[in-house]
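Structure at a glance
One-letter residues, chain by chain:
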Amino acid sequence: MAHEKQTEILNRHVSNFNVLFVKLHNYHWFVKGPNFFSLHEKFEELYNEMAEHIDELAERLIGLKGVPLATLKEYLETTTLQEAQGEKSAGEMVQVTANDFSTVIEELKADIETLEEEVGDEATADMLIAIRQSFEKHNWMFQSYLEQ
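Presented here is a report on the structure given in the accompanying data block. These numbers come from a predicted model, not from an experiment. For every chain, the first residue of its written sequence is number 1, and the numbers climb from 1 along that sequence. Only residues with pLDDT of at least 70 are given local features in this predicted model, and only at 80 or more are side-chain atom pairs given and counted; all residues enter the totals for whole chains, interfaces and linings. Hydrogens and water are ignored here; the side-chain numbers use all heavy atoms of the structure.

**Observations concerning the packing of helix H1 (residues 2–30) against helix H5 (residues 122–146)**
Inclusion rule: Under this scheme, a helix contributes an axis fitted over its contacting stretch, all axes are lines through C-alpha atoms, and angles between N-to-C directions fall in the 0 to 180 degree range. Going along the chain from the N terminus, every DSSP run of H or I of four or more residues is numbered as a helix, and every run of E of two or more is numbered as a strand. Angles below 35 degrees are treated as roughly parallel, those above 145 as roughly antiparallel, those between 65 and 115 as roughly perpendicular, and all remaining angles as oblique. It is the rotation of the near helix from the far one that decides the hand of a crossing: anticlockwise by less than a right angle makes it left-handed, clockwise makes it right-handed. By definition in these notes, contact holds between two residues if any of their heavy atoms fall within 4.5 Å.
Their axes nearest at 12 Å, the elements H1 and H5 cross at an angle of 25 degrees. By the criterion of interaxial angle, the relationship of H1 to H5 is roughly parallel. Crossing geometry of H1 relative to H5 is assigned as left-handed. Across the interface between the two elements, Ile9, Leu10, His13, Phe17 and Leu20 from H1 touch Thr124, Leu128, Ile131 and Phe135 from H5.

Spelled out as C-alpha cells, the structure:
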C-alpha cells in the first residue's frame with residue numbers, strides 16, 4: 001500500500017511538471033509586449049527548473065523500485081493541470097502559471113503530509129518540501145507581478 005501511494009504521488013508530480021515544462025516553453029516562445037525580455041527569461045528559467053524536478057522525481061521513484069510515467073499520453077491522463085490553450089497575453093500567461101503553481105503547492109502540501117504520516121517516507125517528503133519552497137517563491141513573485 002505504501003509503495004502504491006509513493007508511486008501515485010511521484011507520478012502525478014512527474015506528469016504535472018512535464019505539462020508545466022511544455023506550457024512554459026509555449027509561453028517562452030510566444031510571450032509578447034513590454035515585459036517580453038523579463039518574462040521570456042523567467043519562463044526559460046522555470047522550464048529548466050521543471051526539467052530538474054522531473055529528473056529528480058523520476059529517479060527517486062526508480063530508487064523506490066517504482067516505474068515513472070514516461071509518455072505524453074500518460075502525463076496528460078495523470079496531470080491535474082491543463083495544457084496551454086491558444087494565444088494568451090503576457091498577463092494571462094503569468095496568471096495561468098500562478099494558478100498552476102498554486103495547484104501544485106496545495107498538492108505538495110497534502111502529499112508531504114501523506115508521505116510523512118501515512119507512508120513513513122521522510123526522504124521523499126523532504127524532496128517535495130524543497131520543491132514546494134521553490135514554487136512558493138515563484139508564486140509570490142508572480143502574484144507581485146500581477147499587482148501592477
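Structure shown, so let's carry the discussion forward.
**Description of the side chain of asparagine 18**
The residue asparagine 18 is located in helix H1 in this model. Residues contacting asparagine 18, with those up to four places away along its chain left out, are Ile54 and Tyr75.

**Notes on the packing of helix H2 (residues 36–63) against helix H4 (residues 90–119)**
Operational definition: Each residue is assigned to one of three groups, with Ala, Val, Leu, Ile, Met, Phe, Trp, Tyr, Cys and Pro labelled nonpolar, Asp, Glu, Lys and Arg labelled charged, and all others, Gly among them, labelled polar.
Between H2 and H4, whose axes approach to 12 Å, the crossing angle comes to 25 degrees. By the angle between their directions, the pair H2 and H4 is classed as roughly parallel. Considering only the axes of H2 and H4, their crossing is left-handed. Here H2 contributes Leu39, Phe43, Leu46 and Met50 to the contact with H4, which in turn contributes Ala90, Met93, Val94, Thr97 and Phe101. Classifying every residue of the contact of H2 with H4 gives 8 nonpolar, 1 polar and no charged.

**Structural notes on the pattern of salt bridges**
Threshold: Just to be clear on terms, a salt bridge is a Lys or Arg side-chain nitrogen sitting within 4 Å of an Asp or Glu carboxyl oxygen. Working definition: with a 1.4 Å probe on protein chains only, accessible area under 20% of the residue-type maximum means buried, over 50% means exposed, and in between means partly exposed.
Under the definition given, this model contains 9 salt bridges. Note that lysine 5 and glutamate 8 form a salt bridge whose closest N and O atoms lie 3.5 Å from each other. With lysine 5 and glutamate 8 both in helix H1, this residue pair falls 3 residues apart, about one helical turn. Note on lysine 5: relative accessible area 28%, which makes it partly exposed. Its salt-bridge partner being arginine 12, residue aspartate 111 comes within 2.8 Å of it at the nearest N-O pair. With aspartate 111 in helix H4 and arginine 12 in helix H1, this pair connects stretches of sequence that are 99 residues apart.

**Observations concerning the nonpolar core**
Worth spelling out the cut-off: What is meant by a nonpolar core is a set of buried Ala, Val, Leu, Ile, Met, Phe, Trp, Tyr and Cys residues, joined one to another through side-chain atoms within 4.5 Å.
Counting residues in each nonpolar core, the largest one holds 38 residues, and the members touching the most others are Phe17, Leu20, Phe43, Leu57, Leu128, Ile131 and Phe135. When residues of this core are traced back to their parent elements, those giving at least two are H1, H2, H4 and H5. Not counting residues up to four positions away in its chain, the partners in contact with leucine 128 are Ile9, His13, Leu57, Leu108, Asp111, Ile112 and Leu115.

**Here we look at the side chain of aspartate 111**
Relative accessible area serves as the criterion here: at 6%, aspartate 111 is assigned to the buried category. Setting aside anything within four residues of it in sequence, one finds aspartate 111 in contact with Ile9, Arg12, His13 and Leu128.

**A word on the packing of aromatic side chains**
Each aromatic ring pair is summarised here by two numbers: the centre-to-centre distance and the angle between the ring planes. Defined as follows: Any Phe, Tyr or Trp ring, taking Trp's six-membered ring, that has another such ring centre within 6.5 Å forms a pair; planes under 30 degrees apart are called stacked, those over 60 apart edge-to-face, and the others tilted.
A full pass over the atoms with the stated rule returns 6 aromatic pairs. Relative to phenylalanine 37, the ring of phenylalanine 36 has its centre 5.2 Å away and its plane inclined at 80 degrees; by these criteria the two rings are edge-to-face. Accessibility expressed as a relative area gives 64% for phenylalanine 37, which makes it exposed. In textbook terms, an aromatic cluster arises when at least three aromatic residues are bridged by ring pairs, as seen for Phe17, Phe101, Phe135 and Phe142.

**A look at unusual backbone geometry**
Positive phi values are uncommon outside glycine, yet lysine 65 reaches one of about 70 degrees. Here lysine 65 lies in the loop between H2 and helix H3 (72–78).

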